Amino acid sequence: MTFAGRLQVGLSILVLTWACGAQFASSQEQAPTDPAPQAAEDQPADQPEAQPEQPAEEPETPPKEEPKPEESAEPAPQQEMQEQPSAEAPEDKAEPKPQEEKPAAEPNADSESKQEPQEEPPAEKPAPVLPDEVVLKQYVTIPLVGIYGRASVHIDPVDAAIAEGEFSMPEPGDKLTSGTGREVTWRSASTGDDGVLSTRSIRGGYAATTFESPTSGIMLLEATGHAMVYVNNLPYAGDPYAYGDFVVPVQIKEGTNTLVFHVAQSKLQAKLVKPTAELVLSPFRTTLPSLVRGAEASPLWASVTLTNTTESPLDGLSIEARLGDLEPTATPLTWLDGACLRSCAFQFATPEDLPQDITVLQVRVVRDSQILVEGRFDLEVVDASAMQTRTFRSDIDGSVQAYVVVPALNSDSGKTHLVARTSDEEEDDKGKVQNEPAPGAIVALHTDGMTARDFAAQYQAKDWAHVIVPGGRGEFPLDWEEWSRLDAIEAMTDALDQFRIDEDRMYVTGHGMGGHGALVLATSLPGRFAALATTAAWPSLWSYGGGMPDYDDPSPVQAMLHRAASPSDILSHLSNLWGTGVMLMHGSQDEQIPPEQSRLVVKRLATWHSDFAYLEKPDAGNWWGAETVDNPELMGFLASRARSSDSQKVVKLSTSDLGMLSQSDWVTIAAQQTPFETSSVELEVKNTPLSIVGTTKNVQRLVIDQSAVPKGKSFILRLDGGQPVMVRQMPSNGQLWLERSGDRWLQRPVPDSEDKNPDRYGGMKGVFNHDVLLVYGTLGNDQENAWSRAKAHYDAQTFAYRAGGSLEVLSDTEFDPNQAGDRNVVVYGNVDTNRACAALLSSSPVQAFRDRIRVDTRPESGDDIGFVVVRPRSGNDDRLVAMVGGTGIEGMRLTNRLRYFWAGTAYPDLLIVGPEALTTGDGGVRAAGYFAEDWDVDKADIAWRDLAL
């Protein structure tokens, strides 16, 4: 659950159908651990007991195998099943009483003609039901067999066998060749009496088990310590960070069910439970705001996670929420697919004057006036001066996210600086307050394994700035890249709406992974912050953590995949810190994140930056209490700096992904010559004569805004040492569009709105930035349809777990492109298995069918090819469609675990993989690349493994 849901003081969930757990954590002054950034699904790292253990699904080097006393060569027995008597089962019958003997009647003709009495038919057997509980205790295990890192395609012989349809439940003693070529052995293992399986010696490996079910249906898998699990060869998301509350609905079949867990922690625990209702409140991620005394009466956002435990969709739902005795607020919840887990947003009203005794939020889900499930939540009530949790609804996916604020103090009186307007302020008073200096804001990014609330508690209230701590979409943010970075931006935006903030005195700071995040945020928002300060920061996924693709002599395909990952190379974009004060601090004895990481940044900045400082604390480790982050030197450095609000005369901009960053001040890079290679501009406005001069690199289109020069004035433009061009006046729209033609820059009209642009730049990850809808197919055979549905839900579950997200899943029969016109869409399957392909991609030059995929006129044939294709959505200038699937069931399964929700793992517009991909890695990638600026295929930048056919 989000930090707000975990850490609300006094939070309790009383659910009629299912008791929801809630965890509480208090602020601590112990050292937060900051292990290496997560390498795909993730590297092992020894953690202090105070923090959750780092998941280790995909370490780069195998852990040393340790003998386990419980190992045996005997086959694993069946699992323990606990079943309560069914309500439909007949009661035990008593012994029948003996009948009294009667004298035999004399035979006669009439009696002989009578028929013998018929025996009563036996009573009908009760229908089989799912067991109430199945505790998984017997396993067959194997140590690490794969090679993962952050590659686009990993190597894993177990995954490969499942994709080929050749996996069967292993027996103890069976052998398997790992991705590194060593032979490993499956061994039997048993849990202790507590149901916990020790997996320390096999972290990154697998634990397989079976159980029998008398019938099919949906059960709830309560498991922890695994990165994911295959249930009857279909993928389901796991709990690699061992939260312990991620409960997933899984499809069970009649007979033998096989579960294959990919182990991430040193302990694995799992059981299956029969649902008690068709809709339940999940204990996973409840997001709730604080109630602030004196705040204006306005609806607040919150969310709960709901699980549809039936095989059929639930529609026509609404969430009714009521605070105290106020009127309930209804929020429509139109659709929950069968066996679906989803975070659901709702609003509730607050009163003008918050009574002391109103703290309970009542929530219920209703359909046709019938209450399906309900719960009660105790909310935190705080004064305006206290640390508080704020919530907002994300534009990314409609989920509710939260951040924590330590409000600023008034330096004169010591009282709280007036922040978000309160209900007792009159208009004149507001005007008076607005004339007072507004405080600045420090955006503080927490490290991994530490909640935003715990991190905020390290800061004392300040008289010169609010402290804003974004949630990052979870305790383990995505290295503060991808959707965690966007969450920080959304939290900042909401805080600017809610609090009085001097935007020229905004700062960013962070510790450990949060320090990396501060560098990410500052380099992706050039000129936004007056200053940046970090402790124990690491700059790049290439410099720390490992797992990033790196090749001595790359093939064209490898070079393309390396380029796709370039947005994570923060060291290449440090020039965006030009004009931003920078201070870095590191403990000289830091063994978790060596000080060489900060020194690497210092070495780069020292060659050109004029306002930076580095402090290496002697004899200090990674953490030395709250002063590590709320440090007098760091805070003093920030407080002494302010940004100029005037337009800059000099602009420097460096980016490799225009979807992430394309603009700085009055300059926009609108198109690259080579997609996802570093592009840069350095331009200066000169007054005598009025001119704009400078250089560009890897820029095809450039936009200069009116704010660069006085309105109505002509000016000279000279770029890249070419001939000067006189610009008589800015176009009426206030934007000067330029395009490179050879060595010259020419003025051009605004391009076609259907071209690539920063809102629709491509790449698979960009599809998940705009309210994406996941559509599975129902036109295929049973195996294809089951895969398509499972893959859509696996992606939704994984996004919920790793990115705190909420993705809607529905079938192609329920999908209406007209009703979802303003949404990105992912379709699973191919043209022959998913109706939505024809509705969304009929004019696409890339078409996928059973047995083949065609890119323009080039085919790749076979029923074992997997693919990811990203195309523009017709009729919408900034929306995308992605097709994830295969040319047959084997090809579809190749995409089971493509890691587009992992930081640093990259997928371009087109990726085609062959059946050898899971055994050879990127050697099995047949094509990878980007479509042209107009989405054309002829001019696309695609690397093919094989020469043209």
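Residues numbered from 1 in each chain as written. Predicted model: local features only at pLDDT ≥ 70, side-chain atom pairs only at ≥ 80, totals over all residues. Heavy atoms only, no water.

So, on to the overall build of the chain. Of regular secondary structure, the chain possesses 14 helices and 52 strands. Within the chain, the fraction of its 949 residues that count as buried is 58%. Look at the contacts in the chain between residues 6 or more apart in sequence, and 72% of them connect residues 24 or more apart. In the structure as shown, the chain presents an accessible area of about 38000 Å², 46% of it carried by carbon and sulfur atoms. (Helix = DSSP H or I, 4+ residues; strand = E, 2+ residues; numbered from the N terminus. Buried < 20%, exposed > 50% of the residue type's maximum accessible area, 1.4 Å probe, protein only. Contact = heavy atoms within 4.5 Å. Areas by Shrake-Rupley, 256 points an atom, 1.4 Å probe, with all protein chains shown as cover.)

Next up on the list: the packing of aromatic side chains. In total, this model carries 25 aromatic pairs according to the counting rule given. Between Trp-483 and Phe-799 the ring centres are 5.4 Å apart and the planes differ by 85°, which places this aromatic pair in the edge-to-face class. Here Trp-483, found in helix H6 (residues 482-498), pairs with Phe-799, found in helix H11 (residues 782-803); they are 316 residues apart in sequence, far enough to count as distant. Taking the relative accessible area as the measure of exposure, Trp-483 reaches 1% and is therefore buried. Here the aromatic cluster, defined as three or more aromatic residues joined through ring pairs, consists of Tyr-241, Tyr-243, Phe-246, Phe-284, Phe-476 and Tyr-801. The ring of Tyr-761 has Lys-756 lying over it, and the distance from NZ or CZ to the ring centre is 5.8 Å. In this structure, Arg-852 packs its charged tip against the face of Phe-849, placed 4.4 Å from the ring centre. (Phe/Tyr/Trp six-rings, centres within 6.5 Å; stacked < 30°, edge-to-face > 60°. Lys NZ or Arg CZ within 6 Å of the ring centre and 35° of its normal.)

The strand order across the open sheet formed by 8 strands is S43-S42-S44-S49-S48-S50-S51-S52, and the pairing between neighbours is mixed. With partners counted over all chains shown, the strands left at the sheet margins are strand S43 (808-811) and strand S52 (941-944), one partner each. With direction set aside, neighbouring strand axes in the sheet form an average angle of 15°. Alignment of strand S42 (residues 773-776) against S43, held across 4 bridges, turns out to be parallel. Opposite Val-775, over in S43, you have Leu-810 as the bridge partner. Against the sheet, helix H8 (residues 556-564) makes contact with strand S50 (910-913), strand S51 (925-930) and S52, and its axis sits at roughly 45° relative to S51, the strand it touches most. The strands touched by H11 are S42, S43, strand S44 (825-828) and strand S49 (880-886); relative to S42, the strand with the most contacts, the crossing angle is about 160°. (Pairing = 2+ DSSP bridges. Axes fitted to C-alpha atoms, helices over the stretch in contact; angles between N-to-C directions.)

In short, geometric facts, not functional conclusions.
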